[in-house]
Amino acid sequence: MDRRRFEHLFVEVSLALGALVPRYPLWLRLRELSWNPEQLGRDDAIGFLDSHLEAFLADHELALSARSTRRLRRRIARFDPSHPTPYERMERLGADNG
């Protein structure tokens, strides 16, 4: 699935915050935790949210409420990288017409 789960994690955390999460530092943090962002699994993404997201966000002077974190966790848990996201579907439609 390449990096689809990492991309989804990045987008969903950014949406939950209402601000862009620093992408490269997120990538590096996952690597530091011995998770390969290129092959990030569901359990790894959830493990990051549960155990490391709060500290990562604090390092970048960002924070999520407990409610937002629970919603984020549900969205990450439900993501299936084998199905295209709505954005990817629209991107394909644009490519077909261009």
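To be clear, the structure that these remarks concern was listed above.
The structure displayed is predicted, hence computed values, not measured ones.

Some details on the packing of helix H3 (residues 42-51) against helix H5 (residues 66-78)
- Across the interface, H3 lies against H5 with an axial gap of 9 Å and an inter-helix angle of 170°. Considering their axes alone, H3 and H5 lie roughly antiparallel with respect to each other. Between H3 and H5, the residues in contact are Arg-42, Ala-45, Ile-46, Leu-49 and Asp-50 and Leu-72, Arg-73, Ile-76 and Ala-77, respectively.
- Taken together, the residues that form the contact of H3 with H5 break down as 6 nonpolar, no polar and 3 charged.

So, the packing of helix H1 (residues 4-17) against helix H2 (residues 23-32)
- It is at 11 Å that the axes of H1 and H2 come closest, and there the two elements cross at 125°. Here H2 runs oblique to H1, going by the angle between their axes. Relative to H2, the crossing made by H1 is right-handed. Only Arg-23, Leu-26, Trp-27 and Leu-30 of H2 make contact with H1, whose side of the interface consists of Phe-6, Glu-7, Leu-9 and Phe-10.
- Grouping the constituent residues of the contact of H1 with H2 by class yields 6 nonpolar, no polar and 2 charged.

Some remarks on H1
- The terminal C-alpha atoms of H1 lie 20 Å apart, and with 14 residues this matches the ideal 20 Å at 1.5 Å per residue to within 8%.
- Of all the positions in H1, only Arg-4, Arg-5, Phe-6, His-8, Leu-9, Phe-10, Glu-12, Val-13, Ser-14 and Leu-17 are classed as buried.
- Backbone geometry just downstream of H1 places Gly-18 in the positive-phi region, at approximately 75°.

Regarding the environment of Arg-5
- Looking at the element boundaries, Arg-5 is found in helix H1.
- Here Arg-5 falls in the buried class, since its relative accessible area comes to 11%.
- Residues Arg-5 and Pro-37 lie 32 residues apart in sequence; the distance between their C-alpha atoms is 8.0 Å.
- Sequence-distant contacts of Arg-5, that is, excluding residues within four places in its chain, are made with Leu-40, Gly-41, Arg-42, Ala-45, Ile-76, Phe-79 and Pro-81.

Re a positive patch on the surface
- A grouping of Arg-67, Arg-70, Arg-71, Arg-74 and Arg-78 is seen on the molecular surface, where their side chains present a positively charged patch.
- Examined against the element boundaries, Arg-74 turns out to sit in helix H5.
- By relative accessible area, which is 45% here, Arg-74 ends up partly exposed.

Some words on the nonpolar core
- Grouped together as the largest cluster of nonpolar side chains are 22 residues, with contacts concentrated most on Leu-9, Val-13, Phe-48 and Leu-53.
- Of all the secondary structure elements, the ones that give two or more residues to this core are H1, H2, H3, helix H4 (53-59) and H5.
- When residues of this core are assigned to their parent elements, the largest contribution, 5 residues, is made by H1.
- Ignoring sequence-local partners within four residues, the contact set of Leu-9 consists of Leu-30, Leu-40, Phe-48, Leu-49 and Ile-76.

Conventions adopted
- Residues numbered from 1 in each chain as written.
- Predicted model: local features only at pLDDT ≥ 70, side-chain atom pairs only at ≥ 80, totals over all residues.
- Heavy atoms only, no water.
- Axes fitted to C-alpha atoms, helices over the stretch in contact; angles between N-to-C directions.
- Helix = DSSP H or I, 4+ residues; strand = E, 2+ residues; numbered from the N terminus.
- Parallel < 35°, antiparallel > 145°, perpendicular 65-115°, else oblique.
- Contact = heavy atoms within 4.5 Å.
- Nonpolar A, V, L, I, M, F, W, Y, C, P; charged D, E, K, R; others polar.
- Left-handed = near helix turned anticlockwise from the far one by under 90°.
- Expected span 1.5 Å × (residues − 1).
- Buried < 20%, exposed > 50% of the residue type's maximum accessible area, 1.4 Å probe, protein only.
- Patch = residues over 30% accessible without salt bridge, like charges linked within 9 Å, V, L, I, M, F, W, Y side chains within 5 Å.
- Areas by Shrake-Rupley, 256 points an atom, 1.4 Å probe, with all protein chains shown as cover.
- Salt bridge = Lys/Arg side-chain N within 4 Å of Asp/Glu carboxyl O.
- Lys, Arg positive; Asp, Glu negative; His and termini not counted.
- Charge placed at Lys NZ, Arg CZ, Asp CG, Glu CD.
- Core = buried A, V, L, I, M, F, W, Y, C linked by side-chain atoms within 4.5 Å.

These figures capture arrangement, not role.
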